[in-house]
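Residues per chain are reported as follows:
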Amino acid sequence: MTSTLNYLPFLNIPAFKVPLPIGISFYTFQTMSYSIDVYRGDAPMQKNIITFGTYVSLFPQLIAGPIVRYKDVAYQLDHRRETLDSFTKGVMIFCIGLGKKVLIANQMGALWDAIRESGEANGWLGSWVGIIAYTFQIYFDFSGYSDMACGLGNMLGFEFLKNFNYPYISKSITEFWRRWHISLGTWFREYVYIPLGGNRKGTGRQILNLLIVWFLTGFWHGADFNFIFWGLYFGLLLIIEKFVLKRWLDKAPAFVSHIYSLFFIVIGWVLFYFSDLTQMWNYIVSMFSFGSDVIGDSAAASALSYLPMLIVAGIASTPLAAKLYGKIKTAKFIWVPQTLYCLGVLAVCTALLVSQSYNPFLYFRF
Amino acid sequence: MKKSKLRLIPMIVFLVFVFSLTVLFFVSPKKEYSSSEKRYLQQAPAFSFAALFSGKFGDEFETFLSDQFAGRNLWVGLASYYQLAIGNNGSNGIYYCKDNYLVNDPCGDGRLSVNTDVIEEFAGKHSEVPVTVLIAPSTGYICSDVLPPVHKQYKDDAYFESFQEKLRDVDFVDVREAFQNEYSAGNQIYYKTDHHWTSYGAYTAYKELSPALGYEPNDESVYEKTSYEDFYGTTYSSSGFWLIPPDEIEVWENHAHDGAVKVTVIEGENRTEHDDLFFYSHLEEDDKYPVFLDGNHAYEIIENAAAASDERLLVIKDSFAHSLVPFLSDHYASITML
């Protein structure tokens, strides 16, 4: 942040390294939620310091969310019931989250790393494959952690709100932000947008409110220029959608709406990833340089090696699996696929995580 | 309707899995050394407040947990086969190839021009001494027929061209064609579970070197070849594909120099002498390649009183030289390896 401020010609603040406590973004917002909800009368004051401490440092969602508003969980802090059924449900959701993180997100991350490494020689298709891999990585990483948090919460008798609702099937950017990081969007709407007046003070004020909220949303993610840029990028798209595009989007065929949304979502992730603005610009240019190679050798080899996982990631981004599961959920034998799934996910994830620490000191390049 | 107790099985399986691994961790004896990784494993770190606050204790404890994880090598194997099953061959840097070959993926060319420049500079500075360069091609380049359908490109041809262009003050020995011919004829030039060339491959390189260095290469029949089984080399160890069968490693001895050979290994202040080119104690281990000249040492001198000439040779090498230099020892009174 100091490097950003130092762009102002008269400032020359020495950068001082403050190690940030883990999860600071999340529990800052949680404690603010407590103060605001109690002030507004949405929840009674918590007199027990241990219960309050539980809320602030609730370990399942401390590090990666979902951001739990105090009023949503106030009752459960003292009155929840841990049952075997909720524990089992928690186990299943936890395993789904674990699978999303280790089996999908980590693989997509490896593909993204490989494509970034071969840099210039990727070709436009290679660059697209790379950022699509990142698009999958960030979703499965984040929603995986959210699922694990919800699952752990269930095991302890809590019911947390869903944080993601298949964001990549959105037909508009407006819809995307109702499906992505729901707890953050809710927090900003309840505690910033509506108190600022929302849409009740005329169009001009509404646009200003939206820009403020999106500036802050970007800033919450990180104090670098690119995050603020990312926030305002979406703020602008949302304003355009609300006032201009809405009519066309409502009438357009589903296929067009999906492509439109995914296109802007994926570009958004380029802005989100690169904190170095030069690198960011170069990457965007490479995505649209149709004159040269379609795809470089190295990128093609990586893309083909990860093709099965890319397809799995694509399918897992849709509610298809959930719908199929919903059909057999109440069957008596459901414990069989559930058990096989849990065991499979646990075994493969353990294997993949252990192998990351496998470090042969071999004299390969000797 | 009464709820069946069977619905609790997923939960039970989950808890059993997590807790049994935890219990196994505490109960099983801690290993000190990993033979497949060739490194010492982290033991329980000593606790002190200083270590805790500097982060050292935390780091060491994390390493301790993963290094002593119950059934570690089994999990590594499972991960490797899983990656293979999902179409990601080469995720750990080793391609699972046909005919039980485990082949390194192509090396990066980051240091290529730096190294070529250094060699050229060295040759320029010492123009009174003839300099010869022999570069070993990659296994994946010569044995390209066993590679999986999806793999990164082996750029050996481009590299060799750049060597020939840049290295003008040296005698560059190009073994590509000889190797390809031998390989097509059905001879095993490279190991299947190791990145080195076989003794046959080294012998082929030895023959190719002879015009540049000016000796008459010995015929194959001069050597007594002894074959040893169960050679699990470097690519095996780092691949995790534990089901691949091992290689055989051959030691080619020329008994004409028995008793006349002396190998001196120098590590810092220590000098040890050995009266054979081959260090048979290494045949007890999985990775038997150090049988050739005792593996990686910074400085070794090989002297042969029964050599054909009294010339001296300096070899600046990597580990491929270990299996090649024994062949050269018949022609030089003294060879210094760095």
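Below or above, wherever it landed, is the structure these notes cover. For every chain, the first residue of its written sequence is number 1, and the numbers climb from 1 along that sequence. For naming, the first written chain is A and the first written ligand is 1, with later ones following in the order written. Where local features are concerned, this predicted model is filtered to residues with pLDDT of at least 70; where side-chain atom pairs are given and counted, the filter is 80 or more; whole-chain, interface and lining totals use all residues. Side-chain measures were taken over the full set of non-hydrogen atoms in the model, leaving aside hydrogen atoms and water.

Structural notes on the interface of chain B and chain A
Phase 1: Of the residues lining the interface, 50 residues belong to chain B; the matching set on chain A comes to 42 residues.
Phase 2: Both sides of the chain B and chain A interface together cover about 4200 Å² of buried area, and 70% of this is carbon and sulfur.
Phase 3: Take the accessible area each of two parts loses on contact, using a 1.4 Å probe, and add the two losses: that sum is the buried area. When the buried surface of chain B facing chain A is broken down by residue, Pro10(B), Phe14(B) and Tyr82(B) rank first, second and third, together holding 14% of it.
Phase 4: A carboxyl oxygen of Asp or Glu within 4 Å of a side-chain nitrogen of Lys or Arg is what we treat as a salt bridge. The interface formed by chain B and chain A holds 1 salt bridge in total.
Phase 5: Arg7(B) serves as the salt-bridge partner of Asp85(A), at 2.7 Å between the closest nitrogen and oxygen.
Phase 6: Polar contact criterion, stated in full: a pair of N or O atoms within 3.5 Å, where within protein one must be able to donate a hydrogen and the other to accept it, and residues adjacent in sequence count only if both atoms are side-chain atoms. At the boundary of chain B and chain A, one finds 4 residue pairs in polar contact (both at pLDDT 80 or more).
Phase 7: Starting at the N terminus, helices and strands are each numbered in turn, a helix being any DSSP run of H or I of at least four residues and a strand any DSSP run of E of at least two. Broken down by secondary-structure element, the contributors of at least two residues to the side of chain B that touches chain A are α1 (9–27), α4 (72–85) and α10 (234–239) of chain B.
Phase 8: Looking at the side of chain B that touches chain A, its residues break down into 23 nonpolar, 17 polar and 10 charged. Whether two residues are in contact is decided by their heavy atoms: any pair within 4.5 Å suffices. Residue polarity is assigned by list, with Asp, Glu, Lys and Arg as charged and Ala, Val, Leu, Ile, Met, Phe, Trp, Tyr, Cys and Pro as nonpolar; anything else, Gly included, falls into the polar class.

Brief notes about unusual backbone geometry
Residues and elements named next belong to chain B.
Phase 1: Despite not being glycine, Asp 99 has its phi angle at roughly 60°, a positive value.
Phase 2: Of note, Asp 99 is situated in the loop between β3 (94–96) and β4 (102–104).
Phase 3: The backbone phi angle of Leu 293 is positive, close to 55°, even though this residue is not glycine.
Phase 4: Note that Leu 293 resides in the loop between β10 (270–274) and β11 (299–304).

Quick notes on the environment of Tyr203(B)
Residue and element names in this part refer to chain B.
Phase 1: Tracing the backbone shows Tyr 203 in helix α9 (residues 199–213).
Phase 2: Throughout this description, buried means an accessible area under 20% of the type-specific maximum (1.4 Å probe, protein chains only), exposed means over 50%, and partly exposed covers the range between. A relative accessible area of 3% means that Tyr 203 is categorised as buried.
Phase 3: On a C-alpha basis, the gap between Tyr 203 and Gln 180 in space is 14 Å, while along the polypeptide they are 23 residues apart.
Phase 4: Those residues in contact with Tyr 203 that sit more than four places away from it in its chain are Asn 218, Asp 219, Glu 220, Tyr 223, Trp 252 and Phe 327.

Side note on the sheet that holds strand β12 (residues 312–315) of chain B
All names here are of chain B.
Phase 1: Only when DSSP finds a minimum of two bridges between them are two strands counted as paired. Pairing is mixed across the open sheet formed by 5 strands, whose spatial order is β10-β9-β11-β13-β12. If you trace the sheet from one side to the other, it starts and ends with β10 and β12, each paired once. Direction aside, neighbouring strands of the sheet carry axes that sit 15° apart on average.
Phase 2: Angles shown run from 0 to 180 degrees and are taken between the N-to-C directions of axes, each axis being a line fitted to C-alpha atoms and, for helices, limited to the stretch in contact. Running over the sheet, helix α11 (residues 321–328) touches β11, β12 and β13 (334–337) and is turned about 170° from β13.

Topic: the pairing of strand β9 (residues 261–267) of chain B
Residue and element names in this part refer to chain B.
Phase 1: With respect to burial, β9 is a largely interior element, 5 of its 7 residues being buried.
Phase 2: Bridge count for β9 against β11 is 6 bridges, and the pairing is antiparallel. What sits directly across from Thr 264, in β11, is Ile 301.
Phase 3: For β9 and β10, the ladder comprises 5 bridges, and the chain directions are antiparallel. Looking across to β10, one finds that Ile 266 is bridged to Arg 271.
Phase 4: Here β9 hands over to β10 after 2 residues, with Gly 268 in that stretch at a positive phi of 60°.

Details of a nonpolar patch on the surface
Residue and element names in this part refer to chain A.
Phase 1: Patch membership requires over 30% relative accessible area and the absence of a salt bridge. Like charges are linked within 9 Å, and nonpolar side chains (Val, Leu, Ile, Met, Phe, Trp, Tyr) within 5 Å. Per-residue and other accessible areas follow the Shrake-Rupley method at a 1.4 Å probe size, with only the shown protein chains counted as cover for residues. On the surface, Leu 304, Leu 307, Ile 311, Ile 315, Leu 320 and Leu 324 cluster together into a nonpolar patch covering about 550 Å² of accessible area.
Phase 2: Listed by contribution, the elements that provide at least two residues to the nonpolar patch are α14 (307–316) and α15 (320–328).
Phase 3: Here the element with the most residues in the nonpolar patch is α14; it accounts for 3 residues.
Phase 4: The topology assignment puts Leu 320 in helix α15.

Things to note about the packing of helix α9 (residues 203–221) of chain A against helix α10 (residues 225–251) of chain A
Residue and element names in this part refer to chain A.
Phase 1: Here α9 crosses α10 at 150°, and the two axes come no closer than 7 Å. Judged by the inter-axis angle, α9 sits roughly antiparallel to α10. As for the relative orientation of α9 and α10, their crossing is right-handed in sense. Contacts between α9 and α10 involve Thr 203, Gln 206, Ile 207, Leu 210, Leu 211, Trp 214, Phe 215, Gly 218, Phe 219 and His 221 on the former and, on the latter, Phe 227, Ile 228, Trp 230, Gly 231, Leu 232, Phe 234, Gly 235, Leu 238, Ile 239, Lys 242 and Phe 243.
Phase 2: When its residues are assigned to classes, the contact of α9 with α10 shows 14 nonpolar, 6 polar and 1 charged. Here the word oblique covers every angle except those under 35 degrees (roughly parallel), over 145 (roughly antiparallel) and from 65 to 115 (roughly perpendicular). The sense of a crossing depends on the near helix, which, turned anticlockwise from the far helix by less than a right angle, makes the crossing left-handed and, turned clockwise, makes it right-handed.

Overview of a negative patch on the surface
All names here are of chain B.
Phase 1: A contiguous patch of negative charge, built from Glu 229, Asp 230, Glu 248, Glu 284, Glu 285 and Asp 286, is present on the exposed surface.
Phase 2: Here Asp 286 lies in the loop between β10 and β11.
Phase 3: Residue classification places Asp 286 among the partly exposed residues on the basis of a relative accessible area of 43%. Residues scored as positive are Lys and Arg, those scored as negative are Asp and Glu, and His as well as the terminal groups of each chain are ignored. Where a charge sits is defined by one atom per residue type, namely NZ (Lys), CZ (Arg), CG (Asp) or CD (Glu).

Structural notes on the pattern of salt bridges
Phase 1: Under the criterion given, the structure shown has 19 salt bridges over all chains.
Phase 2: Here Asp113(A) and Arg116(A) are joined by a salt bridge, their closest N and O atoms 3.2 Å apart. Separated by 3 residues within a single helix, Asp113(A) and Arg116(A) lie in helix α5 (residues 84–117), roughly one turn from each other.
Phase 3: Lys125(B) serves as the salt-bridge partner of Glu121(B), at 3.8 Å between the closest nitrogen and oxygen.

Thoughts on the nonpolar core
Phase 1: As used in this record, nonpolar core signifies buried Ala, Val, Leu, Ile, Met, Phe, Trp, Tyr and Cys residues forming a set joined through side-chain atoms within 4.5 Å. Of all hydrophobic cores here, the largest spans 92 residues; its most connected members are Ile131(A), Trp177(A), Trp180(A), Phe234(A) and Trp269(A).
Phase 2: If we ignore the near neighbours within four places in the chain, the residues touching Trp177(A) are Trp214(A), Trp230(A), Phe234(A) and Leu238(A).
Phase 3: Cys143(B), Leu209(B), Phe292(B) and Val315(B) belong to the second-largest nonpolar core, a separate cluster that totals 53 residues.

A look at the packing of helix α16 (residues 335–356) of chain A against α4(B)
Phase 1: Packing of α16(A) against α4(B) leaves a shortest axis separation of 8 Å and a crossing angle of 105°. Considering their axes alone, α16(A) and α4(B) lie roughly perpendicular with respect to each other. Contacts from Ala347(A), Val348(A), Thr350(A), Ala351(A), Leu352(A), Val354(A) and Ser355(A) in α16(A) reach Arg72(B), Trp75(B), Val76(B), Leu78(B), Ala79(B), Tyr82(B) and Gln83(B) in α4(B).
Phase 2: Grouping the constituent residues of the contact of α16(A) with α4(B) by class yields 10 nonpolar, 3 polar and 1 charged.

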